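Survey of secondary and tertiary structure
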Amino acid sequence: MYTLYTDAATQPQTGLSAGGILIIHDHQQTQVKTPLQATTNHQAEFETARIGFERLLAVVTDPAQVTVLFYTDSQLVSDSLAKHYAKHYQSLVDALLQAQAPFQLVLTQWVPEKQNQGARAHTLANQALHSAEGFK
């Protein structure tokens, strides 16, 4: 079993976005900070989640035998995955579902932002955003 945490950060004034990804397996953590193409926070949350699953796929030997516990503080991402639909973000939902498809089972859990503030993915996203702002 793998645990995947993702979070995104967006600076509305500049349109810069970045993501934080935390993968945990056998008590080992993989931390990823990544700049994003997204210019809104909702887009950034979907993009970060998709990248998280792509990174996970790269390290898993047999994804068809893997269960993933996926945690997101984006209620939109969580609800959209449950419904396989999002009115304004369907292409992003489809891309995320495609990234999840190789895995045997993905269990998505929404974590309210207030409870996610101390999460490592949140910190990674903010660190990546500050780095991107510094290079702009």
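Residues numbered from 1 in each chain as written. Predicted model: local features only at pLDDT ≥ 70, side-chain atom pairs only at ≥ 80, totals over all residues. Heavy atoms only, no water.

Here's the deal with helix α3 (residues 90-100)
Buried within α3 are the following residues: V93, L96, L97, A99 and Q100. Considered in projection along α3, the buried side chains sweep an arc of 160 degrees and stay on one side of the axis. For α3, the exposed residues set more than 90 degrees away from the buried face come down to S91 and Q98. Tucked into the core, α3 has its buried residues touching α1 (41-59), β4 (67-72), α2 (75-83) and β5 (105-110). (Buried < 20%, exposed > 50% of the residue type's maximum accessible area, 1.4 Å probe, protein only. Helix = DSSP H or I, 4+ residues; strand = E, 2+ residues; numbered from the N terminus. Arc of directions from axis to C-beta. Contact = heavy atoms within 4.5 Å.)

Considering unusual backbone geometry
The phi angle at H27 is positive, at roughly 65 degrees, despite the residue not being glycine. Positive phi, normally seen in glycine, also occurs at H84, with a value near 60 degrees. Structurally, H84 can be placed in the loop between α2 and α3. Look at H84 and you get partly exposed, because its relative accessible area is 49%.

A few points about the side chain of T6
Looking at where T6 falls in the secondary structure, it is placed in strand β1 (residues 2-11). Its relative accessible area of 2% is what places T6 among the buried residues. Setting aside its immediate chain neighbours within four residues, T6 contacts G20, I21, T48, A49, G52, F70, Y71, T72, D73 and A121.

Here we look at the environment of I23
Note that I23 resides in strand β2 (residues 16-25). Along the backbone, I23 and A121 are 98 residues apart, and their C-alpha atoms lie at a distance of 9.3 Å. With residues near it in sequence (within four places) discarded, I23 still touches Y2, T3, L4, Q28, Q29, T30, G52, R55 and L56.

Quick word on the pairing of β1
Within β1, 8 of the 10 residues are buried, which leaves it mostly tucked inside the rest of the structure. Bridge count for β1 against β4 is 5 bridges, and the pairing is parallel. Residue Y5 lies in a different strand from β4, and its bridge partner there is Y71. Pairing of β1 with β2, which is carried by 9 bridges, proceeds in the antiparallel orientation. Residue Y5 lies in a different strand from β2, and its bridge partner there is L22. Where β1 folds back on β2, the antiparallel hairpin that results is connected by 4 residues, among which G15 adopts a positive phi of roughly 75 degrees. (Pairing = 2+ DSSP bridges.)

Comments concerning the environment of L97
Looking at the element boundaries, L97 is found in helix α3. Sequence separation between L97 and L76 is 21 residues, and the spatial gap between their C-alpha atoms is 14 Å. Not counting residues up to four positions away in its chain, the partners in contact with L97 are L81 and H84.

Comments concerning the nonpolar core
Among the nonpolar cores identified, the biggest contains 27 residues, and L4, F53, L56, V68, F70, L96 and F103 are the most heavily contacted of them. Sorting the residues of this core by element identifies β1, β2, α1, β4, α2 and α3 as the ones contributing at least two each. Broken down by element, this core gets its largest block of residues, 6 residues, from α1. Counting 5 residues, the second largest nonpolar core, distinct from the first, contains A18, A125, A128 and L129. (Core = buried A, V, L, I, M, F, W, Y, C linked by side-chain atoms within 4.5 Å.)

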